[in-house]
Amino acid sequence: MGQHLKIKFDSEQQYQLDAINSVVKLFEGVPTLDNVDFWPTHIDDKIVTNAGLDEQLDYHLLLHNLQQVQQKNNLEKRGSEISLSSKIELDEGPLLNGIHHDKPIAIPHFTIEMETGTGKTYVYLRTIHELHKIYGYKKFMIVVPSIAIYEGVVKTIEMTKSHFASLYDNEEISLIQYDGAKLGKLREYAETPYLSVMIMTMDSFNKPSNNFYKMTEQLQGDKKPIHFVQETRPIVVLDEPQNFHTKIAKEAIRTLKPLFVLRYSATHKETPNLCYRLTPIDAFRNNLVKQIEVIGISDLDNFNVPLIRLMDIVRQPIAAKVKVNVLDKGIKKERDILLRQGSDLEKITGLQDYAGLKVTEIQYGKKDEHKKVSFENGFELSFHHALASKESIFRAQIEKTIEVHMAKQEELKEKGIKVLSLFFIDKVKNYTGKEALIRRLFDECFNRLKTKFPSFSNMEPSEVREGYFAKPGKTASDDEAVDTNGRNQTERKMEKAAFELIMKKKEQLLSFEEPVSFIFAHSALREGWDNPNVFQICTLNQTVSNIKKRQEIGRGLRLAVDQKGERPAEYEMNILTVIANESYENYVASLQHEYEEDGNKPPQKPKKPRQAIVKRNDRLFLSSEFQHFWAKLNQKVKYEINIDTEKLINQCVKRLNATKFPEPTMEISRAKFIMHQYKIVLRETRDEKAYITIAFQNSTGNRYTRNETVREGDSLYKLVNDIRLKHHIVTEINSSSKSEEQSLIFAGGEILTKESPFIFHTEKIRHIEKNKTRVFSEKYPIPNLIERAAKETNLTKKTIITIFKKMDLEKRKLIWKNPEGWIREFLSRIQEVSRNHIAENIEFTVMAEPLYDVNAIFPITRKCPQKQLIAGGINSLYDKVQVDSDVERDFMLKRVIPDADNTKLYFKFPPHFKIKFPKVIGNYKPGWGMVRLEKEGEVKLEFIRDLKGGLNSSQVKCAQKYFGKLGISYGVVDQTVRDWWEKSRIE
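Everything numeric here is computed off the predicted structure, so don't read it as measured data.

Caption draft 1: How the structure looks around the packing of helix 1 (residues 14–24) against helix 3 (residues 120–135). Between helix 1 and helix 3, whose axes approach to 9 Å, the crossing angle comes to 45 degrees. The angle between helix 1 and helix 3 places the two elements in the oblique class. Once helix 1 is placed against helix 3, the crossing between them reads as right-handed. Two secondary-structure elements touch here, helix 1 through Gln16, Leu17, Ala19, Ile20, Val23 and Val24 and helix 3 through Tyr122, Val123, Arg126, Thr127, Glu130, Leu131, Ile134 and Tyr135. For the contact of helix 1 with helix 3, the per-class residue count stands at 10 nonpolar, two polar and two charged.

Caption draft 2: Up close: helix 19 (residues 645–657). Taking 1.5 Å of rise per residue, 13 residues should cover 18 Å, and helix 19 covers 18 Å from first to last C-alpha, within 8% of that figure. What helix 19 keeps buried is the set Leu648, Ile649, Cys652, Val653 and Leu656. Around the axis of helix 19, the buried residues are gathered within 130 degrees of arc, so they sit on the same side. Away from its buried face by more than 90 degrees, helix 19 exposes Glu646 and Lys654. On the buried face of helix 19, the contacting elements are helix 22 (797–806), helix 23 (809–813) and helix 24 (819–841).

Caption draft 3: Highlighting the sheet that holds strand 34 (residues 903–908). Reading across the sheet, the four strands line up as 34-35-36-37 and stay open at both edges, with mixed pairing between neighbours. For this open sheet the edge positions go to strand 34 and strand 37 (969–973), each flanked by a neighbour on one side alone. The mean inter-strand angle of the sheet, taken between neighbouring strand axes irrespective of direction, is 25 degrees. Across five bridges, the pairing between strand 36 (residues 940–947) and strand 37 is parallel. Bridging from a neighbouring strand, leucine 947 pairs with valine 973 of strand 37. Of the strands in this sheet, strand 34, strand 35 (928–933) and strand 36 are in contact with helix 18 (residues 624–633), which crosses strand 36 at around 60 degrees.

Caption draft 4: Structural context of the environment of glycine 350. In this fold, glycine 350 is placed in the loop between helix 9 (345–349) and strand 13 (359–363). Sequence spacing of glycine 350 and aspartate 328 is 22 residues, and the spatial spacing of their C-alpha atoms is 8.5 Å. Not counting residues within four places of it along the chain, the set of residues in contact with glycine 350 comprises Leu327 and Leu345.

Caption draft 5: Spotlight on the packing of aromatic side chains. In the structure shown here, the tally under the stated rule is 52 aromatic pairs. Centroid distance phenylalanine 446 to phenylalanine 456: 6.2 Å. Interplanar angle 85 degrees. Geometry classified as edge-to-face. Residue phenylalanine 446 is found in helix 12 (residues 437–449), and its partner phenylalanine 456 is found in the loop between helix 12 and helix 13 (461–464); the two are separated by 10 residues along the sequence. Exposure class is identical for phenylalanine 446 and phenylalanine 456. Each is buried. Taken together, a centroid distance of 5.8 Å and an interplanar angle of 50 degrees make the contact between phenylalanine 629 and phenylalanine 907 tilted. Residue phenylalanine 629 is found in helix 18, and its partner phenylalanine 907 is found in strand 34; the two are separated by 278 residues along the sequence.

Caption draft 6: Structural context of the nonpolar core. In terms of nonpolar packing, the biggest core is built from 72 residues, with Phe27, Leu131, Tyr137, Ile142, Phe260 and Leu262 touching the most fellow members. No other element matches the seven residues that helix 3 contributes to this core. Setting aside its immediate chain neighbours within four residues, phenylalanine 27 contacts Leu57, Leu62, Asn65, Phe110, Leu131, Tyr135 and Phe260. Membership of the second largest hydrophobic core comes to 40 residues, among which are Val614, Trp630, Ile857 and Val920.

Caption draft 7: Layout of the sheet that holds strand 11 (residues 319–328). Across the sheet, three strands lie side by side as 10-11-12; this open sheet has antiparallel pairing. Since the sheet does not close on itself, it has two edges, and those belong to strand 10 (308–314) and strand 12 (331–339), each with one partner. Between one strand axis and the next, the sheet turns through 30 degrees on average, direction left out of account. Relative to strand 11, strand 10 runs antiparallel, the two sharing six bridges.

Caption draft 8: View of a nonpolar patch on the surface. Taken together, the side chains of Tyr639, Ile641 and Ile643 define a hydrophobic patch exposed on the protein surface, amounting to about 230 Å² of accessible area. On the basis of relative accessibility, which here comes to 45%, the residue isoleucine 643 falls in the partly exposed class.

Rules used throughout
- Residues numbered from 1 in each chain as written.
- Predicted model: local features only at pLDDT ≥ 70, side-chain atom pairs only at ≥ 80, totals over all residues.
- Heavy atoms only, no water.
- Axes fitted to C-alpha atoms, helices over the stretch in contact; angles between N-to-C directions.
- Helix = DSSP H or I, 4+ residues; strand = E, 2+ residues; numbered from the N terminus.
- Parallel < 35°, antiparallel > 145°, perpendicular 65-115°, else oblique.
- Left-handed = near helix turned anticlockwise from the far one by under 90°.
- Contact = heavy atoms within 4.5 Å.
- Nonpolar A, V, L, I, M, F, W, Y, C, P; charged D, E, K, R; others polar.
- Expected span 1.5 Å × (residues − 1).
- Buried < 20%, exposed > 50% of the residue type's maximum accessible area, 1.4 Å probe, protein only.
- Arc of directions from axis to C-beta.
- Pairing = 2+ DSSP bridges.
- Phe/Tyr/Trp six-rings, centres within 6.5 Å; stacked < 30°, edge-to-face > 60°.
- Core = buried A, V, L, I, M, F, W, Y, C linked by side-chain atoms within 4.5 Å.
- Patch = residues over 30% accessible without salt bridge, like charges linked within 9 Å, V, L, I, M, F, W, Y side chains within 5 Å.
- Areas by Shrake-Rupley, 256 points an atom, 1.4 Å probe, with all protein chains shown as cover.
- Salt bridge = Lys/Arg side-chain N within 4 Å of Asp/Glu carboxyl O.

Shown next, in the form of structure tokens:
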């Protein structure tokens, strides 16, 4: 093999320099180690320290510097805008219990937020060099949450050694890789006069039982290992600090007695003293990372095999949320349900598929891998063990990944870029076993596709794929690889060895001389490492992936490098394709949810809406118009149905013979993921109006700024025609002569003030293509079609059998290909024909009995959601009118309320005013009641009007007959129709 390929680092990346300088500038004016009269550099003439044991930084000076940094970054648009700090936030509290009895201490933490793939580790390593160069600090500790990240940091230090040596006069980091079995290295760390960095996992010092807190013969004298660290007053760097938010983790960090703490992550839970922020929108918009494309692969119309997937386990009371098939009105549907101790899946779902699945135990754990549900028949359900058939999905995922990979490699070969694909699998035996499903499918797909691509035509599958799995020993074979989840010391040791192997080959994999380009790894190895030339990521799970989507994409977000280790200037080629075992809509929704959880909040969906009191207009309530109208409406009506069975059967058969019955299909969809950012600023409130600015930008560079004037009830979505603002409806405006008291409140509960703008991120899918392909399948068993259909259609079994027998033979045979899909269409068509047949043959008779108490239906006052209310007008039965949609809002504001001279009374029927129709048609709630003058201005006509889109045709036919018997005009109208009262306008 030729010269070893090395990744080259660019020392002039401005956003990285901005992040580094944001930290370095914090300590301008702070006493340095050159001032030996102020801070001693040695505690006992051997320990080299950053500061005296009891010394503290000048918090007033730090606050001044922090505000200067924040203001400069905001003014010069370095990273995203951040709010100015009013004080230095301190982490104050006790040290780890059982280790020290010292009084509580306070440590300043400073936060740097950088999106995954933008060089966070490089930034903090270079920051360490800068702090050493400018201020003389020598002792640093890097704390990481996992072995994966530990190995990743060690590899980055190795890769950047010569790069930093060229920048800092050959100064190198003296790295101490903490090992609880080699504690003698702590003396070396504490006493060396050079720049020293120790790296530790949190697990190695967060318990009193850790070797870190015990006396050892490896360190002569009366000091414990912890003392050597404390006396150096280290500067602690927290890598992914969102993993250290527990009480014990915070105590452990304080126990190190750091001078200060630097926090680096893309997904902070807390952001004390935030000095720099580079958000996903910044990274995507400025082409700092690859753009994201999602290919979703999902089963359609296949409910013929049992399904049960674990979605979550919750506590208090303990319950498991699972996704299963249920029988709903005779049709199988996918649904999330809650299982508790003793829950019987067969009874809950109504399906014999789940016989024997009665819950005997639900086990909760802090980590997903510890959560499981046990059933009476011995089956155990976990995030990695589901009941579902996935071979067809696996095949489609693997084939699409290989196809995209090969096409990408042909495109980029001339640019000297080696393309890599990464597969995450949750069961190692699916790759390593004798009859390994994933390896077999890969080899088959590779051999079938390679003939189309010259770069791969002469290669064998075994040459291009390699697995990295945890093994019990270095000499163990792939067959001995095991599934791990870091549950114990043995598993963590095996994972560490696997990570070391991945890291060792990180740069080798970038070379064309290395044939391996398809990498298989266990899902447990999903974090802490990456490779810039990963262009495809595919997760092959029996369940829909429970791996964090951001962890998945983080393995391939970095910009690609060529055979010289340099990043080519052409950015357009940098697209990361995720091949997901779910629709791209679901994948992107999950990814967006993680961005929300990680602090990039979108507009909140409406919470329980604020309630407002509406008052009845008794002038209208007591008027002869209303009382006469109500007397007509409030009459019991019975119905009779005269079914012509032979006609119904023939109508059903004709409809079924014209039906296209579905076969099991697979949908392969493709879309690009685009991040959006919104900033809403309140400029002023005055005279029941608010003056706001809406600023928008997205990751493709599009942007707009709009100044708008809003009133209560206004929707930002309608004002700017942007669906992402759908839930931003103004529910309250507070005007005041005092600027600080002015505010605006949205339906989701967000409060906007002049001092606090509202900033949020959300997503958009840009569709590229969507295709459906048939899935080959064996014949499935047929459920009890006759019994199920008779129950759901209210027809006799004899009638159902007759319908089935009269159908064309070829149509009946199709039931074997997709029984559940066939039954769904069978039931739907019979119900549709039955509804229309009943609507044609139903007859209503008016009874001389009242239906409701008028004061129960129309009380003096009632509560309604405030956001759904509009002013009622002079002829409204209530002072405010509830509208459930923009369609209703437009109809009332533009058609009914302005017609006050002629429309003398109107009201919306409340939800509890219902009219009973046959079960197959469904009960009915009318929309609006109106009384209107005729053209001559004397005769008053009474109307019931529904708006288009809310009812099926059989309900409309029944309603026409029902209200016709009562002598009331009924019709369905379009909200845009002006003369809604005319019969010719009824649809």
